[in-house]
Amino acid sequence: MPVAGQLLEHLNAARLLPDLQSAYRAYHSTETAVLKVLADILRALDTGDVAVLTLLDLSAAFDTVDHATLLRRLEVSYGLQGHVLGWCQSYLDGRTQYVRRGTDFSTVTLLLNGVPQGSVLGPILFVLYTADMRLVDKYQLRPHLYADDTQIYGSCHPSAASQLQERVSACVDEVASMYAK
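So, a few notes on the structure that sits alongside this text.

What to know about the overall build of the protein
Line of reasoning, step 1. Summing up its helical and strand segments, the protein has seven helices and seven strands in all.
Line of reasoning, step 2. Along the first, second and third principal axes, the C-alpha atoms of the protein reach 60 × 40 × 30 Å.
Line of reasoning, step 3. Intrachain contacts of the protein at a sequence separation of at least 6 include 64% that bridge at least 24 residues.
Line of reasoning, step 4. Accessible area for the protein stands at about 10,900 Å²; split by element, carbon and sulfur atoms hold 54% of it.

This is the structure in structure tokens:
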């Protein structure tokens, strides 16, 4: 079985994938993500609350993954150890890139961040890197993720709408600062 399949099998069997992540799981899709978020918002509106939804599409998100942080999360949060963790490290370390334009080539640069795009394993590693959504909880909001797309939403009584707006803005600012590194 390919590495990505083995990793997903381990994560699913141990129930380690976050509940609010709809990518790379059986019976979870963009449709289930939309339905969950929409149902939560409609439920809030039905009780007379107002709701806010922020959709984040992090620019070059896969390029922001810090290798040391990802490896630490794979070990501590997901139980990868020994040869498996070493293989993940070797998969990330030592990668280079260059730009080609016609017959001209840029200087080869060592990549210190990011997961390989276009690979099967890259998106899964990104999901595991971003799975800790305590940041959103800190602002009393709800997250839902699909690969590198994130929905952050919340609701409140209409009289508290300005405070909700402030919490969402602060949360989005903090998320943006995390990925601006």
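Some words on the packing of aromatic side chains
Line of reasoning, step 1. In the structure shown here, the tally under the stated rule is three aromatic pairs.
Line of reasoning, step 2. Here the aromatic rings of tryptophan 87 and tyrosine 91 are separated by 5.3 Å at their centres, their planes lie at 15°, and the arrangement is stacked. Residue tryptophan 87 and its partner tyrosine 91 are both found in helix H4 (residues 82–92); the two are separated by four residues, about one turn of the helix.
Line of reasoning, step 3. The partly exposed category is assigned to tryptophan 87, whose relative accessible area is 36%.
Line of reasoning, step 4. One cation-aromatic arrangement involves arginine 73 over tyrosine 129; the distance from NZ or CZ to the ring centre is 5.1 Å.
Line of reasoning, step 5. One Lys or Arg, arginine 95, reaches over the ring of tyrosine 91 and ends 4.7 Å from the middle of that ring.

A word on the nonpolar core
Line of reasoning, step 1. Counting residues in hydrophobic clusters, the biggest one holds 38 residues, and the most contacted among them are Leu7, Leu70, Leu74, Val115, Leu125, Leu128 and Leu141.
Line of reasoning, step 2. Every element with two or more residues in this core is listed here: helix H1 (3–13), helix H3 (67–76), H4, helix H5 (121–130), helix H6 (134–138), strand E7 (149–156) and helix H7 (161–179).
Line of reasoning, step 3. When residues in this core are grouped by element, the largest group, seven residues, is from H5.
Line of reasoning, step 4. Apart from the residues within four sequence positions on either side, valine 115 is in contact with Phe62, Val65, Leu70, Leu92, Gly122, Leu125 and Phe126.

Description of the sheet that holds E7
In sheet architecture, strand pairing relies on hydrogen bonds along the backbone and comes in two forms, parallel and antiparallel.
Line of reasoning, step 1. Pairing is antiparallel in the open sheet, where three strands are placed in the order E1-E7-E6. Strands with a single pairing partner mark the edges of an open sheet, and in this sheet they are strand E1 (50–57) and strand E6 (142–146). Taking the axes of each pair of neighbouring strands and ignoring which way they run, one obtains an average angle of 20° across the sheet.
Line of reasoning, step 2. The pairing of E6 with E7 spans five bridges and is classified as antiparallel. Residue pairing in the sheet places leucine 145 in a bridge with threonine 150 of E7.
Line of reasoning, step 3. Most of the contacts of helix H2 (residues 30–46) go to E7, to which it runs at about 10°, and overall it touches E1, E6 and E7.

Details of a nonpolar patch on the surface
Line of reasoning, step 1. A cluster of nonpolar side chains, namely Val34, Leu38, Leu42 and Leu45, defines an oily patch on the protein surface of about 340 Å² accessible area.
Line of reasoning, step 2. Of note, leucine 45 is situated in helix H2.
Line of reasoning, step 3. Look at leucine 45 and you get partly exposed, because its relative accessible area is 43%.

Calculation notes
- Residues numbered from 1 in each chain as written.
- Predicted model: local features only at pLDDT ≥ 70, side-chain atom pairs only at ≥ 80, totals over all residues.
- Heavy atoms only, no water.
- Helix = DSSP H or I, 4+ residues; strand = E, 2+ residues; numbered from the N terminus.
- Contact = heavy atoms within 4.5 Å.
- Areas by Shrake-Rupley, 256 points an atom, 1.4 Å probe, with all protein chains shown as cover.
- Phe/Tyr/Trp six-rings, centres within 6.5 Å; stacked < 30°, edge-to-face > 60°.
- Buried < 20%, exposed > 50% of the residue type's maximum accessible area, 1.4 Å probe, protein only.
- Lys NZ or Arg CZ within 6 Å of the ring centre and 35° of its normal.
- Core = buried A, V, L, I, M, F, W, Y, C linked by side-chain atoms within 4.5 Å.
- Pairing = 2+ DSSP bridges.
- Axes fitted to C-alpha atoms, helices over the stretch in contact; angles between N-to-C directions.
- Patch = residues over 30% accessible without salt bridge, like charges linked within 9 Å, V, L, I, M, F, W, Y side chains within 5 Å.
- Salt bridge = Lys/Arg side-chain N within 4 Å of Asp/Glu carboxyl O.

Without other data, these values stay purely geometric and don't point to any function.
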